[in-house]
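# Tertiary structure, described
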Amino acid sequence: MCKDKSVSHLNELGFNVVRLPRENIDPLLILCKSNGSLETLGEISDFVIEDQPKPPKVASDMAVSEIAGLRTDKFELGVGLKFLEKFLSLIGAAGIGLEASFKNADSIQFVYQNVLTDSILPTKIGGYLSSVTPNVNSPFIDSIDEEGEAYVITDTLKSNAFGVVAYDKNDVEFDLDISALKQLLNAAPKVELSKEEKNVLSFKGDKFLRFAF
């Protein structure tokens, strides 16, 4: 199965893509492999005894120029609308029927917008770990000791916006009726719809979702 070009680009930058974007994926989370997939064990501070120094501060909301404007592969309309409806539900616009607004489209494509990163340097994590005492009574100590296979998240990518481009049956971009979509979104005041770039509809929510780490 071919990998989406945007996912390949994120992989080349060292990021793993989250299947279901969500809010609670942050630097300093501990992950462990379980049956071939990654499982969240807890925050790094959960694995040290009480009354220890606080974890180092994470640098937040930094711009990521390498990803801004990156486009996914094109999706057949039916599949693309399912993704679009899922994304809209995640940012506060659930249960909106989009078929009529995209009736002239044959495929759609998504555009990464307003991408920010939260990040912490591995050296700061190392300094913190060398200054604290681990909780050897943790049930997950076998995963996080020197022989374990736990991982610490150092960087995350997040966004509260994305763009959509529609293509006709001749694979040519065309403008969608933004007024019709705005009427649909009247029931979801937390989601903004705009068109600042030709043929690109931009959807913006009121919360940031982490989509890669």
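Structural notes, computed from the coordinates.

Reading the values: rules and limits
For every chain, the first residue of the written sequence is number 1, and numbering continues from 1 onward in sequence order. In keeping with the model being predicted, local features are shown solely for residues with a pLDDT of at least 70 and side-chain atom pairs are shown and tallied solely at 80 or more, while totals for entire chains, interfaces and linings include all residues. By convention in this description, side-chain values take in all heavy atoms of the structure and omit both hydrogens and water. Numbered from the N terminus, helices here are DSSP runs of H or I no shorter than four residues, and strands are runs of E no shorter than two. Three labels apply to residues, based on accessible area from a 1.4 Å probe with only protein chains included: buried if under 20% of the type maximum, exposed if over 50%, partly exposed otherwise in between. By the convention used here, residues are in contact when the closest approach between their heavy atoms is within 4.5 Å. Strands are treated as partners if at least two bridges between them are detected by DSSP. In this analysis, axes come from line fits to C-alpha atoms, helices being fitted only over the stretch in contact, and the angle between any two N-to-C directions falls in the range 0 to 180 degrees.

### Digging into unusual backbone geometry
When glycine is set aside, most residues are seen to have a negative phi, and most peptide bonds are trans. Backbone geometry at L28 places phi at a positive 80 degrees, although glycine is not the residue there. Relative to the helices and strands, L28 is located in the loop between β1 (17-22) and β2 (29-34). L28 gets classed as buried once you look at its relative accessible area, which sits at 9%. Phi at D51 takes a positive value of approximately 60 degrees, unusual for a residue other than glycine. In this fold, D51 is placed in the loop between β3 (37-43) and β4 (59-63). Exposure remark for D51: the relative accessible area of 77% places this residue in the exposed category.

### Things to note about the environment of V111
With respect to the helices, strands and loops of the structure, V111 is situated in strand β6 (residues 107-119). Setting aside residues no more than four positions away along its own chain, V111 makes contact with G69, L70, R71, F162, G163, V165 and V200.

### Topic: the sheet that holds strand β7 (residues 150-152)
Pairing within the open sheet is antiparallel, and its 3 strands lie in the order β3-β2-β7. Looking at which strands have only one partner, the edges of the open sheet turn out to be β3 and β7. Averaged over all neighbouring strand pairs, the angle between strand axes comes to 30 degrees, with direction disregarded. Summarising the sheet, β2 and β7 pair through 3 bridges and their orientation is antiparallel. Paired with C32 across the bridge in β7 is A150.

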